Amino acid sequence: MEDKVLAEIANQLYAGPLEDFVAARASAAKEAASADKELAAAVRALPKPSVAAWAVNMLAQHQPDVLAQLTELGGRMRAAQVSLDAASLRDLGRERRTSLAAAVDTARSVAQEHGRAISDSMAGEVEETLRALTADEGAAAAVRSGRLLKTLQADGVNAVDLDGTVAVPSVMPPAAAAPASAPPASTGRNMRTTAAAPRQRMPDKPRLEAVRQTPRPASPPALERARAALEEAQAAEAGAAQAAQELQDQADDIRTGIAELVRETADLRARLRTAEEQLERSKKKLAATVAEAKQAVRAADKAERTAVLAQERVLRLGNTRD
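Residues numbered from 1 in each chain as written. Predicted model: local features only at pLDDT ≥ 70, side-chain atom pairs only at ≥ 80, totals over all residues. Heavy atoms only, no water.

Per an unreviewed UniProt entry, the protein chain carries the name Transposase and comes from Pseudarthrobacter scleromae.

(A) Region of the structure containing helix α8 (residues 137-144). Ala139, Ala140, Ala141, Ala142 and Val143 are the residues of α8 that are buried. Residues of α8 that are buried make contact with α4 (51-62), α5 (64-82) and α7 (120-135). By the N-cap criterion, in which a side-chain oxygen at the helix start approaches the backbone nitrogen of a residue two or three places on, α8 is capped by Asp136, the distance to Gly138 being 2.9 Å. Following α8 by one or two positions, Gly146 has its phi on the positive side, about 75 degrees. (Buried < 20%, exposed > 50% of the residue type's maximum accessible area, 1.4 Å probe, protein only. Helix = DSSP H or I, 4+ residues; strand = E, 2+ residues; numbered from the N terminus. Contact = heavy atoms within 4.5 Å. Polar contact = N/O pair within 3.5 Å; in protein donor to acceptor, adjacent residues only side chain to side chain.)

(B) Layout of α7. Between the first and last C-alpha of α7 there are 23 Å, a value that for 16 residues agrees with the 22 Å anticipated at 1.5 Å per step. Within α7 the residues assigned to the buried category are Ser121, Ala123, Glu125, Val126, Glu128, Thr129, Leu130, Arg131, Ala132, Leu133 and Thr134. (Expected span 1.5 Å × (residues − 1).)

(C) View of the pattern of salt bridges. Considering all chains together, one arrives at eight salt bridges under this definition. Arg78 is paired through a salt bridge with Glu137; the nearest N and O atoms lie 3.9 Å apart. Of this pair, Arg78 sits in helix α5 while Glu137 sits in helix α8, and the two are 59 residues apart along the sequence. Note on Arg78: relative accessible area 19%, which makes it buried. Between Glu127 and Arg131 there is a salt bridge whose closest N-O contact spans 3.3 Å. Taken together, the residues Glu127 and Arg131, both in helix α7 and four residues apart, mark about one turn of the helix. Exposure remark for Glu127: the relative accessible area of 28% places this residue in the partly exposed category. The class of Arg131 is buried, set by a relative accessible area of 19%. (Salt bridge = Lys/Arg side-chain N within 4 Å of Asp/Glu carboxyl O.)

(D) The packing of helix α6 (residues 86-113) against α7, seen in detail. Two numbers describe how α6 lies on α7: the axes approach to 9 Å, and their chain directions differ by 130 degrees. Judged by the inter-axis angle, α6 sits oblique to α7. Between α6 and α7 lies a crossing whose hand is right-handed. On α7, the residues that touch Arg96, Leu100, Ala103, Val104, Ala107 and Arg108 of α6 are Asp120, Ala123, Val126, Glu127, Leu130, Arg131 and Thr134. Split into classes, the residues belonging to the contact of α6 with α7 amount to seven nonpolar, one polar and five charged. (Axes fitted to C-alpha atoms, helices over the stretch in contact; angles between N-to-C directions. Parallel < 35°, antiparallel > 145°, perpendicular 65-115°, else oblique. Left-handed = near helix turned anticlockwise from the far one by under 90°. Nonpolar A, V, L, I, M, F, W, Y, C, P; charged D, E, K, R; others polar.)

As structure tokens, then:
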């Protein structure tokens, strides 16, 4: 069995309507079984994705340009972060917010076209997954594969955990190369200064001339503060996203609990109505049975009196004959 063949089958399954996934998977496994039983078993083992992950897969399968633009934006953001270009990072951050909002709207539209509406909480999971795409090359490859099983999260510091998040992980799209960061504007000037240094160096003052010709490095304390501020901001962003996700999960759990209680209440009400109807029928049947019993008692009394009278008549007739 080749993973590429399995990946092609998986691509077709994960590109279809979510409600049809199980039936489509069974059909694909049955078709594969005639040629390769191992492949058929692997097809049957393909997991059904979560609703939010399916929505991202719809975006990857039917609107790949949207993901390509986000991937390119993520590369520019990582390049700006490496070069500590604060101004570019601010501009790119604003661009990412706009692009993510538009991408989520597109994902909702594509999902709707394929038979499933996306709730606000699911849209939040889609946005968090697309944000991870812009922050991590591995996450970008996983999202662009179109075979996500669950949504992704990025904290901005560590690599995105991709364990168990994508079907057929051995076959992934190549990671997009990040754009090369522009060289510092002073590079050319520094090179000219270094080349001209031998002509300017004073033999009697080598240390002073060396200090003058050496480019002044950035202040380590300022650089460390900037990095610390960046890490703190990224941690705050990740914490806020996690808190929001936890609250959304709690809200979903509460909604599920309410729905179960509503169903249970309706069932109890139906059982109560049935019991009340049975009680009413039993009361009517009891009244009818009591009435019949009274009639039977009166009939028995009448029959007993009739029997006594008949016996007395027999005795009288017998005495008369004697």
